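Structural features, examined
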Amino acid sequence: MEANKMKAAVLNKPLDIEVKEVAIPTPKDDEVLLKVHCIGVCGSDVHYYEHGRIGRYVVEAPIILGHELAGVIVAKGAAVANVEVGDRVAVEPGVTCGRCDYCKSGRYNLCPDVVFMATPPVDGAWAEYVAIRSDFVFKMPDSMSFEQGALIEPFSVGIHAMNRGSVKPGDRVLVTGLGPIGLLAIQAAKMYGVTEIYASDVVAYRRELALELGVTAVFDPSAQDVGEAIGQLTGGHGADVLIETSGNGRAIGAGFAAVRRGGRVVLVGMPAADEIPVNTNHLIDSEFDVFGLFRYANTYPTAIAALAKGGLDVERIITHKFGLDYIKQAVEMARTEKETSIKIMIYPGDVQ
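Residues numbered from 1 in each chain as written. Predicted model: local features only at pLDDT ≥ 70, side-chain atom pairs only at ≥ 80, totals over all residues. Heavy atoms only, no water.

A short note on the layout of surface pockets
Here the second largest pocket is characterised by a volume of approximately 490 Å³. Together, 25 residues line the second largest pocket, and E31, V115, V122, A131 and I132 are the ones closest to its centre. Of all elements in the fold, only β10 (115-116) and β11 (129-133) reach the threshold of two or more residues within the lining of the second largest pocket. By residue number, the principal contributor to the lining of the second largest pocket is β11, which donates five residues. Classifying every residue of the lining of the second largest pocket by side-chain character gives 15 nonpolar, three polar and seven charged. (1 Å grid on protein atoms, 1.4 Å probe; cavity = no way out; pocket = protein on both sides within 12 Å on 5 of 7 lines; lining within 4 Å. Points joined across faces, edges and corners; volume = space filled by probe spheres on them. Helix = DSSP H or I, 4+ residues; strand = E, 2+ residues; numbered from the N terminus. Nonpolar A, V, L, I, M, F, W, Y, C, P; charged D, E, K, R; others polar.)

Quick look at the structure:
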């Protein structure tokens, strides 16, 4: 390989991805250069790979995907003072402006000028190295694995969902959809002290994993009425909070039916259609608080502290590991083998 070159997985067009040699990024004065240790395959990566677009974001030129990562700082810009070369760090992949009203009010996830890795036309981090502004990397204690660090990004969605839903230890929480986000939302609920957690998914393997992660009960929404089942288990009380991660229209409707009057609903999963039917009379009569969710904000320090403390097993959702050279097989597995794969981890170096 030429000097100043690195390997990166480049999506040329839908279903066409290959490992190429590209230039190693040069960090700006306020950036660090990170040697990537591991990086997860996200559902959005798979969607770009398969369809070439998500909503208004369209792949119009070759792009490097991937945004769930951790690694080691190997160089830093002249103005960087918060981290040092050699630090092990987790990366928050959305660099915001820091100046708009959303950033100044603490809701920087809504910044209109955010530069988010692997969102066209911005390159991501399925590569050996990546450069990013230094205030978006977070030092990890030695006790934390790189895999835990990479999973902080999707784990943050679960933490943000708990914050949006004002989840408290005594709440009964229902999580619908048990992909990586749903399973990590279960871990987030446990982090918030919740002891009564229910979960639903049509895939048996995912329900079994949720049980292993400590949920109270699981349901198959294709075979039973989730609201009725929760009602029976809670003495007619129902769920206090719904965390809906599937984006499935039927799951959203069934989830509303499982929540008690006065409960809270957090909509995390993005439906394929812009509009889905909801029983509005039921929503009004029940006086639900309904919250949307977009990524996360101010979650990384909390996540790092929680994982360092122990008691949470986020790595349990990792089902497969691939070297970067096998990125095509990894993404195809994530796309076509959803009943047996959950979180796939990519390693630009040696597979751990």
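Moving on from the model shown.
Notes on the nonpolar core
Core analysis: the largest hydrophobic core is formed by 51 residues, its most contacted members being I152, F155, L183, I186 and I243. At the level of secondary structure, the elements contributing two or more residues to this core comprise α3 (146-164), β13 (172-176), α4 (180-191), β14 (196-200), α5 (204-212), β16 (239-244), α9 (300-309) and β20 (343-347). The leading source of residues in this core is α3, at nine residues. A domain-level breakdown of this core finds at least three residues from each of domain 1 (5-145 + 315-347) and domain 2 (159-292). Of all hydrophobic cores here, the second largest spans 45 residues; its members include I39, I132, I344 and I346. (Core = buried A, V, L, I, M, F, W, Y, C linked by side-chain atoms within 4.5 Å. Buried < 20%, exposed > 50% of the residue type's maximum accessible area, 1.4 Å probe, protein only. Domains from an automatic or database assignment.)

Focus on the environment of A334
Mapped onto the fold, A334 is located in helix α10 (residues 327-336). Along the chain, A334 and S44 lie 290 residues apart, while their C-alpha atoms are 11 Å from each other. Contact partners of A334, with chain neighbours within four places excluded, come to V41, V46, S341 and I344. (Contact = heavy atoms within 4.5 Å.)

Quick notes on unusual backbone geometry
Excluding glycine, residues mostly have negative phi values, and the peptide bonds linking residues are mostly trans. With an omega of 5°, the peptide bond between P120 and P121 qualifies as cis. Within the fold, P121 resides in the loop between β10 and β11. Non-glycine residue L15 carries a positive phi angle of around 70°. Tracing the sequence through the fold places L15 in the loop between β1 (5-13) and β2 (16-23). For L15, a relative accessible area of 40% puts it in the partly exposed group. Although it is not a glycine, N298 sits at a positive phi angle of roughly 60°.

With respect to a nonpolar patch on the surface
Judged by side-chain polarity, Y102, L110 and F294 come together as a nonpolar surface patch covering roughly 260 Å² of accessible area. Its place among the elements puts Y102 in helix α2 (residues 101-104). (Patch = residues over 30% accessible without salt bridge, like charges linked within 9 Å, V, L, I, M, F, W, Y side chains within 5 Å. Areas by Shrake-Rupley, 256 points an atom, 1.4 Å probe, with all protein chains shown as cover. Salt bridge = Lys/Arg side-chain N within 4 Å of Asp/Glu carboxyl O.)

Quick word on the packing of helix α1 (residues 43-51) against α10
Viewed as axis vectors pointing N to C, α1 and α10 meet at an angle of 100°, and their least axial separation amounts to 10 Å. The angle between α1 and α10 falls in the class roughly perpendicular. Contacts between α1 and α10 involve V46, Y49 and E50 from the first element and K328, V331, E332, A334 and R335 from the second. Residue classes in the contact of α1 with α10 are distributed as four nonpolar, no polar and four charged. (Axes fitted to C-alpha atoms, helices over the stretch in contact; angles between N-to-C directions. Parallel < 35°, antiparallel > 145°, perpendicular 65-115°, else oblique.)

Brief notes about the pairing of strand β17 (residues 259-267)
Strand direction decides the pairing type here: β16 and β17, joined by five bridges, are parallel. Within the sheet, the bridge partner assigned to A239 lies in β17 and is V259. What joins β16 to β17 is helix α7 (residues 249-257), and the crossover it makes is right-handed. Note: β17 against strand β18 (residues 289-292), four bridges, orientation parallel. From the neighbouring strand, R264 faces β18, where its bridge partner is D289. Note on the crossover from β17 through helix α8 (residues 280-286) to β18: the handedness is right-handed. (Pairing = 2+ DSSP bridges. Right-handed = clockwise from strand over helix to strand, strands pointing away.)

Brief notes about the domain arrangement of the protein
Interface size is commonly expressed as the accessible surface area that is lost when the partners come together. We note that the domain assignment places domain 1 (5-145 + 315-347) and domain 2 (159-292) within the protein. For domain 1 versus domain 2, the distance between C-alpha centres works out to 29 Å. Residue-level contacts link 11 residues of domain 1 with 12 residues of domain 2. The contact between domain 1 and domain 2 buries some 930 Å² in all, and 63% of this surface belongs to carbon and sulfur atoms. For domain 1, the biggest contributors to the area lost against domain 2 are R316, I317 and I342; these three give 59% of the whole. Where domain 1 packs against domain 2, one counts one salt bridge. Residue R316 is joined to E212 by a salt bridge in which the shortest nitrogen-to-oxygen separation is 2.4 Å. If you look at where domain 1 meets domain 2, you find three residue pairs in polar contact (both at pLDDT 80 or more). (Buried area = accessible area lost by both parts, 1.4 Å probe. Polar contact = N/O pair within 3.5 Å; in protein donor to acceptor, adjacent residues only side chain to side chain.)

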